[in-house]
Amino acid sequence: MDVCSNSAKHPVLLKESKTENKDKSQVKFQENEFIPKLQENDVYSQAKGECSDTRKDFNDTGSSSLPNIQKFLPINYNSYTKEHYSYAGKNIIIQESIENYGAVVWPGAVALCQYLEQHSEELKLQGAAVIEIGAGPGLVSIVASLLGAHVTATDLPDVLGNLQYNIFENTHNCRVHQPEVRELVWGEDLELNFPKSSHYYDFILATDVVYHHYFLDKLLTTMIHLCQPGTVLLWANKFRFSTDYEFLEKFKEIFNTTLLAEFPESTVKLFKATLKWD
């Protein structure tokens, strides 16, 4: 698996046109291809600026820096590393671990961060309501927040501690809307936890949520539930398996789908989608 950083990954930007069908027979299953392998040394990027480095210990129970929100404690993995990224003029430090897929920055996240940074004005991210599903270690949510969006970052319960830690460490001293971290299990209690009447999102962000797992139907159900008229879904994914393309075909049956960019070095495709309303 690729080591994820924001260096020298140049996308091929495309005009907004409908996606074409790909030959699924050319996609071969590569056993264990998706297992992350991080370098021992941190990957550094030059940053133009960063938030004030007056951080308090996130785990300090006496800290009042997170008033009135639930705090999740990171799982004590043995293999945490600090990876450095540069977006929105800030040096972003992400705590990652290869012991959990949800604690690794995957190629799709890097691709989407690049796109958000380059097209923030066009997308009108300033003040937009954004939800990220499968937020993992939080890089995309952090970048969207630094670009001015009101962000809700979601994932499974065992991921939330590290997710909240990374978001807090990279945003709490910046002049941004502090992102909210919430549990979201795909396909479960969606109307109870995210009722349409009170939860409208301008953007849904998703990166590398499609791979060799058994919850693709529930993922699609979740995407549909979170979409309302006017909601734009931005989905970046590294395509590895034939099942990834099968999901894409189902996706295009339900969503108006545009291929925005391709990243040849990492085989990531970035899609823009809106729900089809009959």
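Whatever comes next refers back to the structure up there.
Residues numbered from 1 in each chain as written. Predicted model: local features only at pLDDT ≥ 70, side-chain atom pairs only at ≥ 80, totals over all residues. Heavy atoms only, no water.

1. Describing the nonpolar core
Ile92, Leu116, Leu139, Phe203, Leu205 and Leu234 are the most contacted members of the largest nonpolar core, which has 42 residues in total. Among the elements that make up this core, the one with the highest residue count is helix H1 (residues 107–118) (7 residues). Leaving out residues up to four positions away in the same chain, Ile92 has contacts with Glu83, His84, Tyr85, Tyr87, Leu139, Ile142, Val143, Leu146 and Asn170. Ala129, Leu216, Leu233 and Tyr245 belong to the second largest nonpolar core, which has 30 residues in total. (Core = buried A, V, L, I, M, F, W, Y, C linked by side-chain atoms within 4.5 Å. Buried < 20%, exposed > 50% of the residue type's maximum accessible area, 1.4 Å probe, protein only. Helix = DSSP H or I, 4+ residues; strand = E, 2+ residues; numbered from the N terminus. Contact = heavy atoms within 4.5 Å.)

2. Quick notes on the side chain of Asp208
Topologically, Asp208 is positioned in the loop between strand E7 (203–207) and helix H6 (216–226). Using a relative accessible area of 7% as the deciding quantity, one classes Asp208 as buried. Filtering out sequence-adjacent residues up to four positions away, Asp208 remains in contact with Trp106, Pro107, Gly108, Ala109, Ala236, Asn237, Lys238 and Arg240.

3. What to know about H1
Over its 12 residues, H1 extends 17 Å from the first C-alpha to the last, a length consistent with the 16 Å expected when each residue adds 1.5 Å. Among the residues making up H1, those that are buried are Pro107, Gly108, Ala109, Val110, Ala111, Leu112, Cys113, Gln114, Tyr115 and Leu116. (Expected span 1.5 Å × (residues − 1).)

4. Comments concerning the packing of H1 against helix H3 (residues 139–146)
At a closest axis distance of 9 Å, the pairing of H1 and H3 adopts a crossing angle of 10°. Between H1 and H3, the crossing angle belongs to the class labelled roughly parallel. Each of Ala109, Leu112, Cys113 and Leu116 in H1 lies in contact with H3, whose residues at this interface are Leu139, Val140, Val143 and Ala144. (Axes fitted to C-alpha atoms, helices over the stretch in contact; angles between N-to-C directions. Parallel < 35°, antiparallel > 145°, perpendicular 65-115°, else oblique.)

5. Description of the packing of H3 against helix H4 (residues 157–171)
Interaxial distance between H3 and H4 falls to 9 Å at its minimum, and their mutual angle equals 30°. By the angle between their axes, H3 is roughly parallel relative to H4. Where H3 crosses over H4, the handedness of that crossing is right-handed. Taken together, the residues of H4 that come into contact with H3 (itself represented by Ser141, Ile142, Ser145 and Leu146) are Asn166, Ile167, Asn170 and Thr171. Of the residues in the contact of H3 with H4, the class split is 3 nonpolar, 5 polar and no charged. (Left-handed = near helix turned anticlockwise from the far one by under 90°. Nonpolar A, V, L, I, M, F, W, Y, C, P; charged D, E, K, R; others polar.)

6. Structural notes on the pairing of strand E10 (residues 268–275)
Counting buried positions along E10 yields 6 of 8 residues, so the element is predominantly enclosed. Pairing of strand E8 (residues 232–238) with E10 involves 6 bridges; the strand directions are antiparallel. Note that in E10 the partner of Lys238 across the bridge is Val268. Summarising the sheet, strand E9 (residues 255–263) and E10 pair through 8 bridges and their orientation is antiparallel. If you follow Thr258 over to E10, its bridge partner there is Lys272. (Pairing = 2+ DSSP bridges.)

7. Side note on the packing of aromatic side chains
All told, the structure shown has 10 aromatic pairs when counted by the stated rule. Between the aromatic rings of Phe251 and Phe255, the centroid separation amounts to 4.5 Å while the plane-to-plane angle is 15°, which identifies the pairing as stacked. Each member of the pair, Phe251 as well as Phe255, carries the same accessibility label: buried. The structure contains a cluster of three or more aromatic residues connected by ring pairs, namely Trp235, Phe239, Tyr245, Phe247, Phe251, Phe255 and Phe271. One cation-aromatic arrangement involves Arg182 over Phe194; the distance from NZ or CZ to the ring centre is 4.2 Å. (Phe/Tyr/Trp six-rings, centres within 6.5 Å; stacked < 30°, edge-to-face > 60°. Lys NZ or Arg CZ within 6 Å of the ring centre and 35° of its normal.)

8. Section: the pairing of strand E3 (residues 90–96)
With respect to burial, E3 is a largely interior element, 5 of its 7 residues being buried. Summarising the sheet, strand E2 (residues 81–87) and E3 pair through 7 bridges and their orientation is antiparallel. Within E3, the residue paired with Thr81 across the bridge is Glu96. Taken together, E2 and the strand that follows it, E3, pair antiparallel across an intervening segment of 2 residues, in which Ala88 is found at a positive phi of about 55°.

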